Amino acid sequence: MPYWRLSGFYFLYFATIGVLIPYWGLYLREIGFSATEIGQLMALLLATKIVAPNLWGWIADYSGRYMRVVRIAAFLSAIIYLGVYLGQGFWWLAAVMTGFSFFWNASLPQMEATTLNYLGPDGHRYGRVRLWGSIGFIILVLLLGPVVDSHGPAAILPVLAVLLLLIWLITLVIPERRGLPRGPGAASLAGLLRRREVLAFLISCLLMQASHAPLYTFFSIYLDGYHYSKTVIGALWAFGVVCEIGVFLVMHRIHLRIRVVTLLATSFVFTAIRWALIAFYPEQLPVMIFSQGLHAITFGVYHAAAIQLIHQFFHGPHQHRGQALYSSLSFGVGGSLGSLYAGYAWTSVGPLWTFLTAAATAVIAFVLVVAFVRPVATGSTWAPAVE
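Counting restarts for each chain, with residues numbered from 1 along the sequence as it is written. Whole-chain, interface and lining totals are the exception, using all residues; otherwise, since this is a predicted model, local features are given only for residues with pLDDT of at least 70 and side-chain atom pairs are given and counted only at 80 or more. The basis for every side-chain value is the complete set of non-hydrogen atoms in the structure, without hydrogens or water.

## Side note on a nonpolar patch on the surface
As a reminder, the rule being used: Exposure above 30% relative accessible area and no salt bridge define the residues that can form patches, which grow by joining like charges within 9 Å and nonpolar side chains of Val, Leu, Ile, Met, Phe, Trp and Tyr within 5 Å. Methods summary: accessible areas were calculated by the Shrake-Rupley approach with a probe of 1.4 Å, and residue burial reflects only the protein chains presented. Salt bridges are counted wherever a side-chain nitrogen of Lys or Arg sits within 4 Å of a carboxyl oxygen of Asp or Glu. Elements are defined by DSSP. Helices are runs of H or I of four residues or more, strands are runs of E of two residues or more, and each kind is numbered from the N terminus. Exposure is judged per residue with a 1.4 Å probe applied to protein chains only, and the accessible area is read against the type maximum: over 50% gives exposed, under 20% gives buried, and values in between give partly exposed.
On the surface, Phe-75, Ile-79, Leu-82, Tyr-85, Leu-86 and Trp-92 cluster together into a nonpolar patch covering about 610 Å² of accessible area. For Ile-79, the position within the fold is in helix H3 (residues 66-81). On the basis of relative accessibility, which here comes to 44%, the residue Ile-79 falls in the partly exposed class.

Here you go:
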């Protein structure tokens, strides 16, 4: 397995997210956009995940050349992003963000499936590869905090350009890896989607990402309103991801003791707690540190569990489309709807109720998982989840 090349992709991809999530909203506010407009633009960034992963997943499955698809998508995202230097109007930036993210969002689901194909029966060790994405996020967040404090949010523009170029370059050295062949027990994709536990799982993931939208869109702006410096804001983001890394390092051991569905349900409970803490105690730095520490569970445990369930439900010939479907429904539909809601709610009902509504959304996701997603695997032995 090309461990360092796969890890390098995750490092660069999530380093890009480490620029976009904490600082892009600040940049949009600096050039004059309102909270509602920021919410709309961030929704566009996520909305392309509704279409792009499925379209590119279909192209990858049809051609059988998954890495070629990733390389083309990475190259086009880097080229289109350069449009941010040509204008700052709402509709121009909306077009650029839609175009660049349409190709950028196509890369990750294909790489997730490729990584799991390389891991094979050692899929529970996925976290050892994925943790490098968290490290990339941390490094960029910490480095850019003081830079944005001293030079303003516009300093992130060339950083993003370089990162997108590097993502394309590293895809050129990752070899192709074929998916697993269709086995005699493989079900059709439509048949999988009709299964109650699969549908409930996907809807719960959609709700989970919708609940995260206020954090991803407005957390930095929220803290800035309470006079936190950009350096402290960046450090809080980084601390959350440090805790996430700790989970990825031990997740393969946790899987040996706790059912993956239990881990998923637990992550929803702690997500609701996290949003409530942010809603009620934003001025309390120790509480914000603790809430960011919960990122270990609300993202680290959640994502590792979700990826394992996707790998179970959509194994064999459906791996790439399963990853694409997970990405489009959760990060795409859930993230874009959540960002739109957050943008309007931020100005109409205020941050308190915006985060409390997010907490309620996580509770609904918990109920769905507990009620409908049966525990299909225990320990390191993963029971087949197709009929």
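Okay, back to it.
## A word on the packing of aromatic side chains
Put simply, the test is: Pairs were defined over the aromatic rings of Phe, Tyr and Trp, the Trp ring being its six-membered one, requiring ring centres within 6.5 Å. Orientation was assigned from the angle between planes: stacked under 30 degrees, edge-to-face over 60, tilted for the rest. Lysine and arginine charges are scored as sitting over a ring when NZ or CZ, respectively, is within 6 Å of the ring centre and within 35 degrees of the ring normal.
What the rule picks out here adds up to 26 aromatic pairs. Consider the rings of Trp-4 and Trp-132, whose centres lie 5.2 Å apart with planes at 65°: the pair is edge-to-face. Residue Trp-4 is found in helix H1 (residues 3-30), and its partner Trp-132 is found in helix H5 (residues 126-151); the two are separated by 128 residues along the sequence. A centroid spacing of 5.1 Å and a plane angle of 90° characterise the contact between Phe-90 and Trp-91, whose relative ring orientation is edge-to-face. The exposure class assigned to Trp-91 is exposed, which follows from its relative accessible area of 70%. Grouped by ring-pair contacts, the aromatic residues Phe-9, Tyr-10, Tyr-13, Phe-14, Tyr-81, Phe-100 and Trp-104 constitute a single cluster. The cationic tip of Arg-130 hangs over the ring face of Phe-14; the distance from NZ or CZ to the ring centre is 3.8 Å.

## Some thoughts on the nonpolar core
Formally: Remark: nonpolar core denotes a set of buried residues (Ala, Val, Leu, Ile, Met, Phe, Trp, Tyr, Cys) joined through side-chain atoms within 4.5 Å. Contact between two residues is taken to exist if any of their heavy atoms lie within 4.5 Å; hydrogens are not considered.
The biggest cluster of nonpolar side chains holds 121 residues, and the ones touching the most others in it are Phe-9, Trp-24, Ile-156, Phe-201, Trp-237 and Leu-264. Looking at which element gives the most residues to this core, the answer is H1, with 16 residues. Residue contacts for Phe-9: discarding those within four places in its chain leaves Val-70, Ser-107, Leu-108, Met-111, Ile-167, Ile-170, Thr-171 and Ile-174. Core analysis: the next-biggest nonpolar cluster, separate from the first, contains eight residues, Trp-56, Ala-60, Tyr-66 and Val-69 among them.

Take it as geometry only, folks, not as evidence of what the structure does.
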